[in-house]
Structures are given as C-alpha cells and as structure tokens.
Amino acid sequence: MKSTVSHSDMFWRNRDLGQDAKTFLLEGDLRHTYADVFVAGDDLFSGINRGTILIFCEKSFETIAVYVGALRNNLIPLMIDANMRPAALSRLLQKYKPHHVYAPYSHSELPGHHKIKVLGKGALYSRNIQIDVLLNPDLALLLPTSGSTGDPKCVRLSAKNIDTCTTAVCEYLKISSQHTAVSALPFHYSYGLSVLHNVLHTRGQLVLTEASVLEREFWLVMERYGVTDFSGVPFMFELIRRMQLPYRVLDNLLCVTQAGGRLNPKISAQLYQKFTASGIRYYTMYGQTEAGPRISFIPPEYAMEKNGSVGIPISCGQVHIASTGSQDTEGELVYSGPNVCLGYAWSDADLADGDVFKGVLKTGDQATLDADGFITIIGRRKRFVKLQGISVNLDYFESVLKVKGIDCIVVGKENQISICHVGDHRDTLSDIIRKNFSFHASSIKYTQIDSVPLTATGKPDYMLITNQYL
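Residues numbered from 1 in each chain as written. Predicted model: local features only at pLDDT ≥ 70, side-chain atom pairs only at ≥ 80, totals over all residues. Heavy atoms only, no water.

1. Overview of the sheet that holds strand 21 (residues 375-380)
Then comes step 1: Reading across the sheet, the four strands line up as 17-18-20-21 and stay open at both edges, with antiparallel pairing between neighbours. The open sheet terminates on both sides in strands that have one partner only, identified here as strand 17 (318-321) and strand 21. Here the strands of the sheet are splayed against their neighbours by 45° on average, with no regard to which way each runs.
Then comes step 2: Of the strand pairs in this sheet, strand 17 and strand 18 (residues 330-336) are connected by four bridges, and their pairing is antiparallel. Paired with His320 across the two strands is Val334, which belongs to strand 18. (Pairing = 2+ DSSP bridges. Helix = DSSP H or I, 4+ residues; strand = E, 2+ residues; numbered from the N terminus. Axes fitted to C-alpha atoms, helices over the stretch in contact; angles between N-to-C directions.)

2. Observations regarding the pattern of salt bridges
Then comes step 1: A full pass over the atoms with the stated rule returns twelve salt bridges.
Then comes step 2: The salt bridge involving Glu398 is made with Arg383; its shortest N-O contact spans 3.6 Å. Placement of Glu398 in helix 11 (residues 394-403) and of Arg383 in the loop between strand 21 and strand 22 (384-387) is noted, with a sequence separation of 15 residues between them.
Then comes step 3: Taking relative accessible area as the criterion, Arg383 reaches 10% and is therefore assigned buried.
Then comes step 4: Here the salt bridges do not stand alone but share partners, grouping Arg383, Asp395, Glu398 and Lys402 into one network. (Salt bridge = Lys/Arg side-chain N within 4 Å of Asp/Glu carboxyl O. Buried < 20%, exposed > 50% of the residue type's maximum accessible area, 1.4 Å probe, protein only.)

3. Some thoughts on the packing of helix 3 (residues 61-72) against helix 6 (residues 190-202)
Then comes step 1: Closest axis-to-axis distance for the helix 3/helix 6 pair is 13 Å, and the angle between their directions is 70°. The angle between helix 3 and helix 6 falls in the class roughly perpendicular. Note on element contacts: helix 6 touches helix 3 through Leu193, Leu196, His197 and Leu200, opposite Ile64, Tyr67 and Val68. (Parallel < 35°, antiparallel > 145°, perpendicular 65-115°, else oblique. Contact = heavy atoms within 4.5 Å.)

4. Overview of empty space enclosed by the protein
Then comes step 1: Taken as a whole and judged by the stated rule, the model has six cavities of 30 Å³ or more.
Then comes step 2: Those elements that place two or more of their residues in the lining of the largest cavity are helix 5 (159-173), strand 10 (180-182), helix 6, strand 12 (229-232) and strand 13 (255-258).
Then comes step 3: Per-element tally for the lining of the largest cavity: the top contributor is helix 6, with six residues.
Then comes step 4: Grouping the amino acids of the lining of the largest cavity by side-chain chemistry returns ten nonpolar, ten polar and two charged.
Then comes step 5: A volume near 60 Å³ is recorded for the second largest cavity.
Then comes step 6: In terms of lining, the second largest cavity is formed by Ser268, Ala269, Tyr272, Tyr282, Tyr283, Thr284, Ile298, Ala303, Met304 and Asn307.
Then comes step 7: Looking at side-chain class alone, the lining of the second largest cavity contains seven nonpolar, three polar and no charged residues. (1 Å grid on protein atoms, 1.4 Å probe; cavity = no way out; pocket = protein on both sides within 12 Å on 5 of 7 lines; lining within 4 Å. Points joined across faces, edges and corners; volume = space filled by probe spheres on them. Nonpolar A, V, L, I, M, F, W, Y, C, P; charged D, E, K, R; others polar.)

5. Notes on the nonpolar core
Then comes step 1: Of all hydrophobic cores here, the largest spans 105 residues; its most connected members are Ile64, Phe230 and Phe275.
Then comes step 2: In this view, Phe275 contacts Phe237, Ile240, Leu245, Leu250, Leu253, Val256, Ile280 and Tyr282; residues no more than four positions away in its chain are not counted.
Then comes step 3: Counting residues in each nonpolar core, the second largest holds 25 residues, with Leu78, Met84, Leu93 and Leu135 among its members. (Core = buried A, V, L, I, M, F, W, Y, C linked by side-chain atoms within 4.5 Å.)

6. Notes on the sheet that holds strand 24 (residues 408-413)
Then comes step 1: Strand order in the open sheet formed by three strands is 24-25-26, with mixed pairing between adjacent strands. Of all the strands in the sheet, just strand 24 and strand 26 (444-449) have a single pairing partner and so form its edges. Geometrically, the sheet is characterised by an average inter-axis angle of 20° between neighbouring strands, direction not taken into account.
Then comes step 2: For strand 25 (residues 416-422) and strand 26, the ladder comprises six bridges, and the chain directions are parallel.

7. Examining the packing of aromatic side chains
Then comes step 1: Counting across every chain of the model gives 16 aromatic pairs.
Then comes step 2: Ring geometry for Tyr172 versus Tyr283: centroids 6.0 Å apart, planes at 55°, classification tilted. With a gap of 111 residues between them, Tyr172 in helix 5 and Tyr283 in strand 14 (residues 281-286) connect regions that are remote in the sequence. Across the pair, Tyr283 and Tyr172 agree in class, each one buried.
Then comes step 3: Centroid distance Phe275 to Tyr282: 5.9 Å. Interplanar angle 20°. Geometry classified as stacked.
Then comes step 4: Classification of Tyr282 as buried rests on a relative accessible area of 2%.
Then comes step 5: Cluster of aromatic residues (ring-pair linked, three or more members): Phe218, Trp219, Phe230, Phe237, Phe275 and Tyr282. (Phe/Tyr/Trp six-rings, centres within 6.5 Å; stacked < 30°, edge-to-face > 60°.)

8. Concerning the layout of surface pockets
Then comes step 1: There is about 490 Å³ of room inside the second largest pocket.
Then comes step 2: For the second largest pocket, the lining is made up of 28 residues, of which Lys59, Asn83, Pro186, Glu210 and Ala456 are closest to its centre.

9. Description of the side chain of Thr166
Then comes step 1: Residue placement: Thr166 occurs in helix 5.
Then comes step 2: For Thr166, the contacting residues outside a window of four places in its chain are Phe11, His197, Asn198 and His201.

10. Quick look at the pairing of strand 12
Then comes step 1: Where burial is concerned, the two faces of strand 12 agree: the one with Asp229 and Ser231 and the one with Phe230 and Gly232 are both buried.
Then comes step 2: When strand 12 meets strand 13, the two strands line up parallel, connected through four bridges. Its bridge partner being in strand 13, Phe230 is matched across the sheet by Val256.

11. What about unusual backbone geometry?
Then comes step 1: Look at the link from Gly292 to Pro293: it is a cis peptide, with omega at 0°.
Then comes step 2: Within the element layout of this structure, Pro293 appears in the loop between strand 14 and strand 15 (296-297).
Then comes step 3: One non-glycine residue, Lys174, lies in positive phi territory at about 60°.
Then comes step 4: With respect to the helices and strands, the residue Lys174 is situated in the loop between helix 5 and strand 10.
Then comes step 5: Even without a glycine there, the phi angle at Lys358 is positive, about 55°.

12. Side note on helix 4 (residues 86-96)
Then comes step 1: What helix 4 keeps buried is the set Ala88, Leu89, Leu92, Leu93 and Tyr96. For helix 4, the arc enclosing every buried residue in end-on projection is 135°, short of the 170-degree limit, so these residues lie on one face. Projecting away from the buried face of helix 4 at angles above 90 degrees are the exposed residues Pro86 and Gln94.
Then comes step 2: Looking at the buried side of helix 4, the elements it contacts are strand 3 (52-57), strand 4 (76-81), strand 5 (100-104), strand 6 (113-119), strand 9 (154-158) and strand 19 (343-345).
Then comes step 3: Remark: Lys97 follows helix 4 within two positions and exhibits a positive phi of approximately 45°. (Arc of directions from axis to C-beta.)

Don't take any of this as a statement about function, it's just geometry.
Here it is as structure tokens:
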C-alpha cells in the first residue's frame, strides 16, 4: 500500500543552504540553525525503521529536533505532555505500544524499553520486544484529543493535512522569514504545534521559554528577542487585557492570534483596539485538532463588524450547516478541506486505517452562517442538556454568568445544571438566573471552588468538573 502523497517537498525537508543556515531556535543564550535541528534529528533516527515514537514534549531544542527528525525520517510522532501522570502514560503505552520513546532524563520509568541513543537532555528508548504494527503509509502524526488525561483517543494526521493547513495559515497571517514567534503554548497541543509549523514553513525564528505570561521573565524574553508573533488562548488574553504591556513588546509585535476556545466578545473588542492602536494585526481564529488544526479566522479589517463570530474558512476549505430537517439557519457546522484528518485511533490496531473522514469534518459545534459567510459558534452540541424538556445551551448559560462578572464553569446532565463558581456568589447567581432564565431552582446545583481548573492547554477542564461535581 503506497502513500498517496510525497513527503519530499514538505516544509520539514532541506532547502538551499542560505535558508537552512538561518537561525531557527533561540533558547537562552543558544542559537540553533535549521541545519542544526535537521542534522540532530537525522542522526538520532539513522538506521531506524519506520514506526511510532512517543515524544515527551518540552519547550526545548531536543523536543523540536526529535519531532522534526521523526517527520523527516518517516516515523510517526505521538506527542504527549512531558508532565503526564504515570497512570495516564501507562495507558498510552499499553494502547499504542510505540516502537520508540524519546524522554528527558528526569523521566526514568519506561518499563519494557531500553536506551539506544542520547540527544541533549534526553534519550531515545526502544521496545525490548518489538511488536509488528501495521501502519498506513499516509499516517504522519498522532495527536491526543484530551491533553494530559491519558485518554487513548488520538487524531490521525497525514503529511498533506499538516502541509495544506500550514500553507493556508501562513498565507492569511502574512508570516514571513523575518518573523519571530514565541513558545507561549505547549507543543503537544495542536495550536502550539501549529505555531512551530508556521515558523518551520517560513524559515522564521522561534524563541523557546518555559516562562508563562504571568511571569516577568516571559515579557523580558519577548523584548530581548524582538518577538513579532504571539499566539494565545482565552485565559491568557483575559490576563493580558489587564496588563500594561512593555512598550518595547508592543513596538516589536506584528501579529497576535487568539484561538483555543471562545473569548468574551467584549474582551476581544478591547484587545483589537489595544493592538490596532499599536499597528498590530489581531486575529480571532477557530479550529480543531482534526483540521490540522485551523478552520477559520476573522480578517483584522472585520474584527469589530464581525466581533463574536469566528470568521471565514481558511483558503483551502469550505463550510456548511448540516441539514436539520427545517429551514432554520442554525445547525451543526461541517468543514471540508484537504487539512481534515484521516480519522481517529484508540490503539495501535487503528494505525493501519485509511482515510475515514474523506476530507469532511463534522465539527460537533452548533453554528450559524451569515450572508457574508462568517461563522458564529453557538455552542458544542454535546454541551446541550434538557431541563424539564427544554434544550439548554451550557456554553451560552456560562457566558451569561461570566458577563455578569462571575468566574465559573458550568456542566450539566438531564434535568440538572451544576455551577462551580470562584468566590461566594450564591445569592448573586440565584438573582442572575432568576432574571435571565426560567429554570426551576431544583435544577441548579451550586459549588464554590478555589479556581476554575484548566487542562494542560489552558482550556476549562469540563471533564474534571463533571466527574467531581455532577
């Protein structure tokens, strides 16, 4: 079974010496060229046959060299959080039986594996007993769908999926080789990995730092290296909105992107005005890991007019609303394009599967399309519950509370909604709900929590809250 696409011209391959001699990674006082990364990865995988490799992802030269090296040498990376819990890691190892693992020295528990090579601050391990696993020739990358929980469900991506999406994103963001991005997001997260892909595609620069946006060190790094491109998720921008960003940071920035969840339109408008005043292009974007990972964006010139939407489809794709059996314009958003993944995997037995999705992704998001083709996400179809026969959109319900200043997370099931709120807001919540909704009091459960839990990728951890409080 031959691959239907050639990897020879993908952006992770060699280019002319002038491009590959450029600085790729800036890490503290170290500078690594593209050639440095390519050589390190190629040396690591020299003499190693095609197979799966589980990569413990850190914001480091080693992680990137191993990842890029795997793509270049036709191995299949399975990207995971370097801080994944042992039990979750054990589940993935049992389900996928990876041929190889690259792990930092700080992680010593790899039963059934032995060290075969060393790279920097970590080592490449191989299975003691190799297991024959059939691999689809188009399979290039495995990305977990649930962050660091160890749920074995992964998205199966091809080289074509990655390449077409990256090309489209670099096009609308106007990214060039003169741009410098920063590792604000983890690489096991599809949005963070997409930032790496953009840099690699354009032969730009990427600053590596483990500091978070909450730390002064992060902004000093932004200043020091003249970072031009910043990408973040909603909770980061909620923090940034209140910050007085250093003027040198604003002077250097050219492009800011927000994705990874819904940001309150009021905050988005404030950020657009803040960044535009400094000549910075601000993009609201939408996507899913299954789309490699981008589906749509709002061009900056429409940011205010279409605030609240998630924009228009990227150039390689198109969208429509699935038939609902009525004339309503609301329904499930369906995306079509060459960046749609091959399908899912739950274990090594699924790695031989071909293209199940056939370029069509049912997003699971309830949405509308306006006359100009702009998409507005109403909520997750799975985030709808019935209360006394009435369909309730939990995302909308949660947004109403947040607009009123309540820091909370909302989950639900048939005939019950659970509100986990930060601070003593029971009376205020009851008042907001009474004025805005017709739910019977018996349908609502209130729980005060210390803070809204987030996944490793910065999204509200609905699974954790559901398991603990519903």
